[in-house]
Amino acid sequence: MSPDTAIYVLELVGLFAFATSGALMAIRSDFDVVGIVVLAETTALGGGVLRDVIIGAHPPAAFRDPLYLVIPLVAAAVTFFFHPQVARLGIAVLIFDAGGLGLYTVTGTVKALDAGLGMLQAVILGVTTAVGGGVLRDVLARQTPELFQTKSELYAVPSAIGAIIVAVAYQSGWLLPAAAAGAAVFVSSFRLLALWRGWRAPGAWAVRR
Amino acid sequence: MSPDTAIYVLELVGLFAFATSGALMAIRSDFDVVGIVVLAETTALGGGVLRDVIIGAHPPAAFRDPLYLVIPLVAAAVTFFFHPQVARLGIAVLIFDAGGLGLYTVTGTVKALDAGLGMLQAVILGVTTAVGGGVLRDVLARQTPELFQTKSELYAVPSAIGAIIVAVAYQSGWLLPAAAAGAAVFVSSFRLLALWRGWRAPGAWAVRR
Amino acid sequence: MSPDTAIYVLELVGLFAFATSGALMAIRSDFDVVGIVVLAETTALGGGVLRDVIIGAHPPAAFRDPLYLVIPLVAAAVTFFFHPQVARLGIAVLIFDAGGLGLYTVTGTVKALDAGLGMLQAVILGVTTAVGGGVLRDVLARQTPELFQTKSELYAVPSAIGAIIVAVAYQSGWLLPAAAAGAAVFVSSFRLLALWRGWRAPGAWAVRR
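Treat the numbers as computed from the prediction; the structure is a model and nothing was measured.

Peer 1: Looking at this model, I keep getting lost on helix α2 (residues 33-55) of chain C. Mind explaining?
Peer 2: The periodicity of an α-helix, 3.6 residues per turn, causes residues three or four places apart in sequence to face the same way. Residues and elements named next belong to chain C. For α2, which comprises 23 residues, the first-to-last C-alpha distance of 32 Å matches the rise-based estimate of 33 Å (1.5 Å per residue) to within 8%. Along α2, the sharpest change in direction is near 50° and occurs at Leu45. Of all 23 residues in α2, 19 are buried; the element is thus mostly enclosed. Immediately beyond the C-terminal end of α2, within one or two residues, lies Gly56, with a positive phi of roughly 85°.

Peer 1: In this structure, what is going on with the pattern of salt bridges? I would like to understand it.
Peer 2: Where charged atoms from two side chains of opposite charge come close, those side chains can pair. Residue and element names in this part refer to chain A. According to the stated counting rule, one finds 12 salt bridges over all chains in the structure shown. Asp52 is the partner of Arg51 in a salt bridge, and the nearest nitrogen-oxygen pair spans 2.9 Å. When its relative accessible area of 2% is taken as the criterion, Asp52 is described as buried. Of the charged contacts, one joins Arg137 and Asp138 as a salt bridge, the two residues approaching to 2.9 Å between their closest N and O atoms. A relative accessible area of 2% places Asp138 in the buried class. Overlapping salt bridges bring together Arg137, Asp138 and Glu146 as one network.

Peer 1: I would appreciate a short explanation of the environment of Val131 of chain B in the present structure.
Peer 2: All names here are of chain B. Along the chain, Val131 turns up in helix α5 (residues 119-140). We classify Val131 as buried; its relative accessible area is 9%. With 127 residues separating them along the chain, Val131 and Asp4 place their C-alpha atoms 23 Å apart. Leave out the neighbours within four places in its chain, and Val131 touches Leu101, Leu147, Tyr155 and Ala156.

Conventions and cut-offs
Residues numbered from 1 in each chain as written. Chains lettered and ligands numbered in written order. Predicted model: local features only at pLDDT ≥ 70, side-chain atom pairs only at ≥ 80, totals over all residues. Heavy atoms only, no water. Helix = DSSP H or I, 4+ residues; strand = E, 2+ residues; numbered from the N terminus. Expected span 1.5 Å × (residues − 1). Bend = angle between axes of the 7 residues up to and from the residue. Buried < 20%, exposed > 50% of the residue type's maximum accessible area, 1.4 Å probe, protein only. Salt bridge = Lys/Arg side-chain N within 4 Å of Asp/Glu carboxyl O. Contact = heavy atoms within 4.5 Å.

Below, the structure is given as structure tokens:
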């Protein structure tokens with residue numbers, strides 16, 4: 001398997017995990033099959049579409065390769081029929097989701113840098129790529145965005161640190177494939193560590209005074 | 001009346017119906033005149049703007065013809081002053097809304113295909129054109145999107161079937177105006193039948209096990 | 001200080017005020033530091049990004065100058081550590097927010113006209129520039145958009161009147177810098193007057209019959 005094929009397969013696995021979290025949220029919200037499909041697609045592809053609409057990549061990557069749309073459909077169908085089993089696979093979904101977080105942070109940041117954006121802008125769009133779909137999922141399901149909750153484990157923070165590493169490496173001219181892969185693994189591991197150890201981001205400090 | 005004029009008139013009638021549902025939602029939510037205008041415009045034009053932003057049609061069709069912005073304003077004004085009467089016209093609004101659903105499904109799918117997108121992508125954007133405004137309306141009014149509810153009659157499903165018909169006909173090279181009109185009529189009739197007979201989309205199956 | 005520098009400084013002050021209202025909303029919603037940063041950035045920049053995505057200015061102005069992203073970060077950090085003090089500065093924040101409302105109404109309307117859009121379209125995008133971030137803030141924090149509430153003082157109405165003045169002046173060929181500045185001051189003063197005198201927009205009239 002060439003590196004490009006490997007990245008492509010990993011992208012699809014990440015999409016599947018993101019889409020599954022959208023479909024499960026739709027089912028928990030008692031949505032019908034339309035809601036399940038829309039939340040699966042939006043969670044999986046929303047962040048990348050936001051990035052591409054902002055950098056002006058038309059049509060967005062999500063609309064260039066039919067597999068990007070088909071994989072969330074498959075995830076929606078599997079979850080539709082087997083959601084009790086899928087929900088019980090919780091840890092596996094979280095691991096693949098962490099993999100998606102790392103991969104989409106890196107590819108999103110690189111795409112923004114390739115489009116000529118500055119480092120800070122690329123970091124923000126890299127994080128948007130990785131976490132934007134989940135925020136749209138929560139808005140559509142009328143939930144408080146999990147990303148913003150003090151009781152949820154670190155998700156955007158590992159992504160932001162990974163995006164900064166990628167942006168610095170890219171600007172320094174030494175973003176080799178190995179460095180990009182390292183950043184993705186770092187983000188995913190950091191996220192899983194945060195889940196395991198219960199690391200959370202603080203609310204505003206003065207609240208507790 | 002030429003076919004182009006007929007389509008244009010039907011588009012404006014559809015916009016009026018979509019805008020009315022937005023204005024009524026705003027009034028039910030006790031919003032002020034600003035909320036009534038914003039929900040009328042967003043419900044009427046939101047789906048098409050999403051499509052155009054994704055395919056890269058700048059500015060979106062909604063911003064090219066002032067009438068597309070004026071008609072929702074008129075609908076907002078009429079609903080502002082006569083909403084008890086408008087609410088009592090419920091069935092008429094639903095019929096025009098079904099008309100808009102059919103028309104916007106077909107025009108949205110064709111525009112996406114004309115922009116060079118694939119069939120699956122065009123189907124998704126055709127449905128987005130027709131149903132996207134209603135989802136934005138519900139998000140702004142803090143309602144659970146009606147589109148996703150098991151208790152609401154089929155809306156996205158007729159639209160998706162119509163969009164598939166259009167995409168297949170287009171790719172086969174026999175999308176004549178008559179075929180496009182037929183698909184629009186099919187979507188609208190299917191939607192009205194679903195309303196009449198209470199057809200709904202199922203929630204996830206295993207829920208009932 | 002040249003006029004251009006003055007506008008730039010005023011823009012940054014307006015961004016700071018918008019971002020502060022986003023950060024305070026995040027803290028009131030018990031969001032963590034991620035939510036505080038996202039709401040600060042979204043409130044400050046969301047309206048302009050919507051405008052630029054619609055007129056097809058890629059990347060949006062918010063992503064061209066790093067200071068546009070840094071100022072909301074600074075506002076988020078200041079609010080994170082000193083939010084009780086910031087909340088007590090309520091009137092100062094409202095005054096700077098009114099300044100931002102006036103300035104962004106004018107610059108947004110002019111950008112839309114410069115992009116070749118018609119007068120009505122430019123008015124809508126001018127108002128969107130000024131008020132869009134606040135609506136996104138409320139959607140992300142799961143609040144009823146303040147913009148739509150009958151109990152909140154006029155905000156979009158002064159902006160719309162100012163945008164109409166700018167569009168008419170621009171089309172008449174006499175939009176001198178002085179006229180633009182006058183329109184911005186008019187919007188800000190009208191907003192502050194509305195706050196002071198409790199002017200509100202009405203809900204639908206027939207409701208009270």
